[in-house]
Amino acid sequence: MQKIGIFGGTFDPVHRGHAIVAEAALTQAQLDVVLWLPDRRPPHPLKVSPSAYEHRCKMVELAIADRPEFALFCDPNGSSASHSYAINTFLTLCRTYPDTRWSWILGADAFAKLPKWYRARDLVDACRWLVAPRPLVRDRAENFPDPTTDLAERVAAEFSRLGLTLHWQILDLPGIAVSSTAIRRSRRQGNWPCESLADAVRIYIESQNLYRH
Ligand code: ATP
């Protein structure tokens, strides 16, 4: 039975924080593969519309190109009109990769919202939840919950009240103060946060003139 970690996100753009989290999940949870899954249309409202799905998929493809244990899962036939609900994608993945033990990789900010995910209860039992601590990032509207263990226990207690057991593991990582929002903002302001991006992703952003406005 193979062990796959699903790593979903807007990836607008994909950054070094994502790569560090994926590497930690791969080794610390002994996964065979990390499947990167850009959301075609995120289910939660964003303050700004995300960049085109094709750009975001391409940037992930470039970011993971030299890592054989990382794979990109893009849905060329999906529709941007419909929301990317995690449960729907998960059911597609279960059909595509039978005989798999699943983990779901996410940052503490995303994990805090898990009880509100559409049909969360159907996902909770089916995956092990690998949670990356996330520090406060300047330019983000929200504070990331800390410490992560308290958060995980609170989320687990919410599901326990529904009779569900949440299997979680906190990834052993220092907080990585990088976010896509901060990168886009820096780019608009003319400061290029090169250290937060893989070279190939930075070159792609420049060639496509992304995040200028
Ligand atoms: P935004 O600033 O627009 O919210 P983001 O940096 O959070 O973007 P996403 O694509 O939304 O990027 O993140 C995908 C997943 O990666 C989410 O589960 C998020 O919590 C996690 N993640 C992103 N950056 C970090 C980080 N620096 N540390 C830990 N987890 C992270």
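Each remark here, short or long, concerns the structure printed above.
Quick caveat: nothing in here was measured; it's all calculated off a predicted structure. (Residues numbered from 1 in each chain as written. Predicted model: local features only at pLDDT ≥ 70, side-chain atom pairs only at ≥ 80, totals over all residues. Heavy atoms only, no water.)

Draft legend 1. Structural detail: the overall build of the protein. Secondary structure assignment for the protein yields eight helices and six strands. Its helices and strands taken in sequence order, the protein reads β-α-β-α-β-α-β-α-α-β-α-β-α-α from the N to the C terminus. For the protein, with 213 residues in total, the buried portion stands at 45%. When contacts within the protein are restricted to residue pairs at least 6 apart in sequence, those whose partners lie at least 24 apart make up 75%. Of the roughly 10900 Å² of accessible surface on the protein, 49% is carried by carbon and sulfur atoms. (Helix = DSSP H or I, 4+ residues; strand = E, 2+ residues; numbered from the N terminus. Buried < 20%, exposed > 50% of the residue type's maximum accessible area, 1.4 Å probe, protein only. Contact = heavy atoms within 4.5 Å. Areas by Shrake-Rupley, 256 points an atom, 1.4 Å probe, with all protein chains shown as cover.)

Draft legend 2. Region of interest: helix α6 (residues 148–160). The terminal C-alpha atoms of α6 lie 18 Å apart, and with 13 residues this matches the ideal 18 Å at 1.5 Å per residue to within 8%. Of the positions making up α6, those classed as buried are T148, L151, A152, V155, A156 and F159. Down the axis, α6 shows its buried residues gathered within 130° of arc, on one side only. Structurally, α6 contributes buried residues whose contacts are with α4 (108–112), α5 (120–124), β5 (127–132) and β6 (167–170). (Expected span 1.5 Å × (residues − 1). Arc of directions from axis to C-beta.)

Draft legend 3. Focus on the state of the cysteines. Using the criterion set out here, one finds one disulfide in the structure. Each sulfur of the disulfide joining C57 and C74 lies 2.3 Å from the other. Residues C57 and C74 are joined through a disulfide that is left-handed, its torsion about the S-S bond being -125°. Residue C57 is located in helix α2 (residues 53–63), and its partner C74 is located in the loop between β3 (70–72) and α3 (86–96); the two are separated by 17 residues in the primary sequence. (Disulfide = S-S within 2.5 Å.)

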